[in-house]
Amino acid sequence: MPNWIFPFAPIADFSVSNSSYLQFLMYRPLYWFGNNGATGVDDSLSLAAEPVYSNGGKTVTITLKPYKWSDGSTLTSTDVMFWFNMLKAEKANYAAYTPGQFPDNITSASAPNATTVVFNTDKAYSQQWFLANQLSTITPMPVAWDVTAAGTKSDCATNEADCKAVYNYLITQAKDLPTYATNPLWQVVDGPWKLSSFSSDGNVTFVPNTTYSGPVKPTLKKFIEVPFTTDDAQFNVLRTGSTIDVGYLPTQDLTSPKPASSGPAEAGPNPLSSNYTLAPWFLYGINYFPINFNNPTVGPIFKQLYFRQALQSIVDQAGVLSSAAKNYGVQTTGPVPLFPDSPLISSVEKTNPYPFSISAAGKYLSDNGWTVKAGGVTTCTKPGTGAGECGAGITSGEPLTFTLQYVSGQQTITTAMQSMKSNAAQVGITLNIVPAPFNTVTGTAVPCSGATCTWQMGNWGGGWVYSPDYYPTGELLFSTGAGSNSGSYSNPAIDKLIQSTTTESGTAVMQAYENALAKDLPVVWQPNYTYSLTEVANGLQGVTPLNPYSALNPENWHY
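Throughout this description, residue numbers start from 1 for each chain and increase along the sequence as written. Local features are withheld for residues below a pLDDT of 70 in this predicted model, meaning they are given only at 70 or higher, and side-chain atom pairs are given and counted only at 80 or more; totals for whole chains, interfaces and linings count all residues. Side-chain calculation: all heavy atoms of the structure are included, whereas hydrogens and water are not.

Q: Go over the state of the cysteines with me, naming the residues and quoting the values.
A: Disulfides are covalent bonds that link the sulfur atoms of two cysteine residues. Any two cysteine sulfur atoms within 2.5 Å of one another count as a disulfide. Applying the stated criterion to the full structure yields three disulfides. Between the sulfur atoms of cysteine 156 and its disulfide mate cysteine 163 the distance is 2.0 Å. Residues cysteine 156 and cysteine 163 are joined by a disulfide whose S-S torsion is about 95°; by sign, that bridge is right-handed. There is no split in this pair, since cysteine 156 and cysteine 163 are both buried. The disulfide partner of cysteine 448 is cysteine 453, and the S-S distance across this bridge is 2.0 Å. The sign of the S-S torsion, about 70°, decides the handedness of the disulfide formed by cysteine 448 and cysteine 453: right-handed. Throughout this description, buried means an accessible area under 20% of the type-specific maximum (1.4 Å probe, protein chains only), exposed means over 50%, and partly exposed covers the range between. Cysteine 453 gets classed as buried once you look at its relative accessible area, which sits at 0%. Shown here for the chain is a disulfide pattern of 1-2, 3-4, 5-6, where each number marks a bonded cysteine counted in sequence order.

Q: Now, about the packing of helix H7 (residues 305-313) against helix H10 (residues 358-366): what can you tell me, with residues and values included?
A: In contact at an axis separation of 8 Å, H7 and H10 are set at 165° when each is read in the N-to-C sense. One way to sum up the angle between H7 and H10 is to call them roughly antiparallel. Regarding H7 and H10, the two cross each other, and that crossing is left-handed. Across from Tyr306, Phe307, Gln309, Ala310 and Ser313 in H7, the residues of H10 making contact are Ile358, Ala360, Ala361, Tyr364 and Leu365. Each residue receives one of three labels: charged for Asp, Glu, Lys and Arg, nonpolar for Ala, Val, Leu, Ile, Met, Phe, Trp, Tyr, Cys and Pro, and polar for the others, Gly being one of them. Residue classes in the contact of H7 with H10 are distributed as eight nonpolar, two polar and no charged. Geometry is summarised by axes, namely lines fitted to C-alpha atoms with helices restricted to the contacting stretch, and by angles between N-to-C directions that run from 0 to 180 degrees. Secondary structure elements follow DSSP: runs of H or I of four or more residues count as helices, runs of E of two or more count as strands, with numbering from the N terminus. In what follows, roughly perpendicular refers to angles from 65 to 115 degrees, roughly parallel to angles under 35, roughly antiparallel to angles over 145, and oblique to any angle outside these ranges. Two helices cross in a left-handed way if the nearer one is turned anticlockwise from the farther one by less than a right angle. They cross in a right-handed way if the turn is clockwise. Contacts: residue pairs with any heavy atoms within 4.5 Å of one another.

Any functional reading would require information that these geometric values do not contain.
In structure tokens, the structure reads:
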């Protein structure tokens, strides 16, 4: 359920539900990704023409298109600079920030006229990466937001020193969820929709922005989002066939699986076909859950590669996909999605370096100082840092007992966690699995350090959709200190490989990075389920093709 309106979010609020189901409908990013159901940028929905590179690739010039804000003002280069200065001032509070990259890699930025922005970079970067993972993070902000209190103007757009006070005010307003639909700030939009009501329980109503200057104007009178806390509640409403126009079929309510050879975006048998058309929605991303490397108690265990190899080996991805997911999804074996097929996918990922194997998991542990007790509690019996010993920071008798919080209400995820718990027990690893609401899990599994950094494992159920880092180079997730590096994973060798993917084009550099990361296991890879088995009311047009990065475009919908 959406719970953050300001399109400048910290990691706890950096979710698909907030970006795709709330912010994007009203506040358009500079570049729109997802092109008629395929990956890549959609120039027709972008606020600017694609950038022009000069000066050996070190100067990037952006030309804005003629867009208007709903308060009548023109979207100008000042609005882009407002975002950029905010990012410079508050980068530590932005989940898409990676140290050394945007805005650190910009040596100067200017707005020579109302429609032009010029960035100069510290070196030449891969142009594909720079557009897809750097400029893609920009969301122009209206002058109406450049205030430190209601009616108190500031100048963050031209003076970075003013940004902190502006940020603090906007954050305060963003935390006041009951006022989202009434606060004049959030009513200034450049997208096709405006809020008419908002409830923190997930009931959200949008109405058309009658001054929207983009190419597709809404024709629906309202677009209403309705929350469901459980799969059963969702399915019961869908079965009535007349209450909602677009919904999501719980996987367990499929009457039969589809062929294993079919793709994750292909439809199988639809039990609701009398009223709905089944349109599986597969997103360009990967599924995983983070482990907290900085946990003061179990972090030393997580830092051992052999333990991560053991933990990954007890994940029965193929079994969960064929049973609970009924063949809707693909495995995750590294940072590059295995679907759709592309030259970026390496042979290492395709062959899966850590397939499901209880015996392999046990051997990883017994070879490294642990006495494995199937059905019991495996403990460290050879502490120390030498070969065959448990490793630094691990004491004699220390048990392999962990708490794994996971998202509640989704039967596929629940089944996967129960499967993993059962498999773990076979090598003496105790997983105490604890269900919790999505926003609770995402608010818990965040980067931290020190004595209070006590969460251990957190599975919000969806891993990562590559947005706003549309090219899967993974710097937001796996670089040391990155804003969305939830478990605080750090590997200097991986950092260097990631940096290479930002400056070099081609598949070789990508595969070197993905092979190293697939083997090093910064997270626990999980089955990448088809995002939703979307049910579209028969006769409703414009819902498909679905955006591979999760964005919604109800302005296209009509009967």
